[in-house]
Amino acid sequence: MTTKRLMIIGYGAMAREVHRLLPAGLELAWVVVPEAQVAATRELLGDGVEVLCRVADCQARPDLVVECAGQPGLAEHGEAVLSRGLTLAIVATGALADEGLYGRLRQAAERGDGRMLVLSGAVAGMDGLAAAREGGLDSVTYEACKAPKSWKGSHAEQLVDLDALTEATVFYEGTAGEAARLFPANANVAATIALAGIGMQATTVRLTADPAATRNTHRIHAQGRFGEFRIELNGRPLESNPKTSMLAALSVVRACRQALDPVTV
Ligand SMILES: NC(=O)C1=CN([C@@H]2O[C@H](COP(=O)(O)OP(=O)(O)OC[C@H]3O[C@@H](n4cnc5c(N)ncnc54)[C@H](O)[C@@H]3O)[C@@H](O)[C@H]2O)C=CC1
Ligand SMILES: O=C([O-])CC(=O)C(=O)O
């Protein structure tokens, strides 16, 4: 089997974990980072990987492109990937709460015959939720609970004193679309659930900080013609970034494996 070649957009905590766990048969050939990080990333990765700041500078055709660059990274590079007819697997799904961007990415994919794969990221059950949607969904709620340190540097700091919490505290309730925009490094999952289910406005979201939490907890409750499901997922955060659950990186690794395997499970 010939080795396939991967492009990763972004080279932060998640991308490094994906790189570490890359399945045999797929090699990291290109990394796209902001211009200011090109030199340091080149030094880190050595000669085997081409470090670029624009997708257009890639002279060959990656077999798969994965976005691990956050919402601004998807907004900056998504169209360039899709309009070249490439497959782009994404985790910064919250960027799709911006209808304008979503429309431009769809058009680029249609124009160039590209494909955008919305990965399940830090949650589970997106297959069942999307199937349930076919029969009609009545309500979908999503609750996330993380340790205060996982909410540091986010909009949560404007809503609650994270350092003073002594018990689990709900600091945000709203729609998936708003949550994904207000918490771009923490609530992409809200948008993923909305995309698989009943949309950005109808999906309700509650966010909690809990000083006793050691995991990133995600709870989904969906009701519809199919029946009802509840999922609770207690994900281990990445040591290198407590905002990000390990499962989100693993969902990217799974997409890498699927690109190699003729059977999709
Ligand atoms: N769907 C999901 O379940 C989840 C999605 N995420 C998303 O994944 C993103 C990445 O997570 P981490 O790696 O833990 O964050 P991180 O902050 O460690 O890394 C993000 C990297 O992207 C790079 N970047 C930023 N703008 C860029 C651009 N325009 N072009 C190329 N690279 C750019 C940054 O330089 C940084 O190295 C999060 O910001 C979040 O949006 C994170 C966790 C779960
Ligand atoms: O990794 C997680 O637990 C979820 C997350 O950050 C996101 O949805 O953006």
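How each quantity is defined
- Residues numbered from 1 in each chain as written.
- Chains lettered and ligands numbered in written order.
- Predicted model: local features only at pLDDT ≥ 70, side-chain atom pairs only at ≥ 80, totals over all residues.
- Pairing = 2+ DSSP bridges.
- Helix = DSSP H or I, 4+ residues; strand = E, 2+ residues; numbered from the N terminus.
- Axes fitted to C-alpha atoms, helices over the stretch in contact; angles between N-to-C directions.
- Contact = placed C-beta atoms within 7 Å.
- Core = buried A, V, L, I, M, F, W, Y, C linked by C-beta atoms within 7 Å.
- Buried ≥ 20, exposed ≤ 12 C-beta atoms within 10 Å, placed from the backbone.
- Domains from an automatic or database assignment.
- Nonpolar A, V, L, I, M, F, W, Y, C, P; charged D, E, K, R; others polar.

Thoughts on the sheet that holds strand β6 (residues 115–118)
Backbone hydrogen bonds hold the strands of a sheet together, and the pairing may be parallel or antiparallel.
Argument step 1. Across the sheet, 6 strands lie side by side as β3-β2-β1-β4-β5-β6; this open sheet has parallel pairing. Only two strands of the sheet have a single partner each, and these edge strands are β3 (50–52) and β6. Taken pair by pair, the neighbouring strands of this sheet meet at an average axis angle of 25°, ignoring direction.
Argument step 2. Examined bridge by bridge, strand β2 (residues 26–32) and β3 share 3 bridges and lie parallel to one another. Its bridge partner being in β3, Val32 is matched across the sheet by Leu52.
Argument step 3. Contacting β2 and β3, helix α2 (residues 38–45) crosses the sheet at an angle of about 165° to β3.

Structural notes on the nonpolar core
Argument step 1. In this structure, Ile8, Ala190, Ile193 and Val252 are the most contacted members of the largest nonpolar core, which totals 79 residues.
Argument step 2. Split by domain, this core shows at least three residues from each of two domains, domain 1 (4–121 + 247–260) and domain 2 (126–244).
Argument step 3. Ile193 has contacts with Val123, Leu129, Val140, Tyr142, Ala176, Thr203 and Ile220, leaving out every residue within four places of it along the chain.

Here's the deal with the packing of helix α5 (residues 126–135) against helix α9 (residues 188–196)
Helix packing geometry: the angle between the two helix axes and the distance between the axes.
Argument step 1. Packing of α5 against α9 brings their axes to within 8 Å, and their N-to-C directions diverge by 35°. Along its contact with α5, which presents Met126, Leu129, Ala130 and Arg133, the element α9 presents Thr192, Ile193 and Ala196.
Argument step 2. For the contact of α5 with α9, the residue count by class is 5 nonpolar, 1 polar and 1 charged.

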